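Topology and contacts: notes
So you can see what is in the structure, the chains are spelled out below.
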Amino acid sequence: MPRIKYLESIRGGVSVWIYYKDHGFPHVEIYKGKPSSYEAHLKLNLLDFSVMECSGFSERAVRVLLKELEPYRSILLRDWYEITES
């Protein structure tokens with residue numbers, strides 16, 4: 001599972017990940033803390049930029065994350081296809 005290097009830590013220990021050979025809609029996993037022992041988790045659909053799952057993040061934190069990730073949306077989508085189809 002590669003951590004997205006250009007988004008290694010976008011805000012306060014939050015990191016963005018794409019899992020190899022993942023399935024379903026193109027998405028990223030966002031964690032506060034380590035993925036193995038996270039404080040908060042968000043699963044973000046890259047097609048319509050909607051939240052698929054969320055635990056531990058406040059509504060305000062989600063809005064901030066979406067705003068910060070929006071400029072990277074097309075890059076993340078491209079990366080998801082490259083990583084999951086390799």
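Right above here is the structure, for reference.
Not measured: the values here are computed from a predicted model.

**Things to note about a nonpolar patch on the surface**
A grouping of F25, L47, M52 and Y81 is seen on the molecular surface, where their side chains present a nonpolar patch of about 370 Å² in accessible area. Its place among the elements puts L47 in the loop between β3 (40–45) and β4 (51–55). For L47, a relative accessible area of 41% corresponds to the partly exposed category.

**Overview of the pairing of strand β1 (residues 14–17)**
Consecutive side chains of a regular strand alternate in pointing toward one face of the sheet and then the other. By the alternation rule, side chains of β1 split into V14 and V16 and S15 and W17, which are all buried. Pairing of β1 with strand β2 (residues 27–32), which is carried by four bridges, proceeds in the antiparallel orientation. Along β2, the bridge assignment pairs W17 with E29.

What counts, and where the lines are drawn
- Residues numbered from 1 in each chain as written.
- Predicted model: local features only at pLDDT ≥ 70, side-chain atom pairs only at ≥ 80, totals over all residues.
- Heavy atoms only, no water.
- Patch = residues over 30% accessible without salt bridge, like charges linked within 9 Å, V, L, I, M, F, W, Y side chains within 5 Å.
- Areas by Shrake-Rupley, 256 points an atom, 1.4 Å probe, with all protein chains shown as cover.
- Salt bridge = Lys/Arg side-chain N within 4 Å of Asp/Glu carboxyl O.
- Helix = DSSP H or I, 4+ residues; strand = E, 2+ residues; numbered from the N terminus.
- Buried < 20%, exposed > 50% of the residue type's maximum accessible area, 1.4 Å probe, protein only.
- Pairing = 2+ DSSP bridges.

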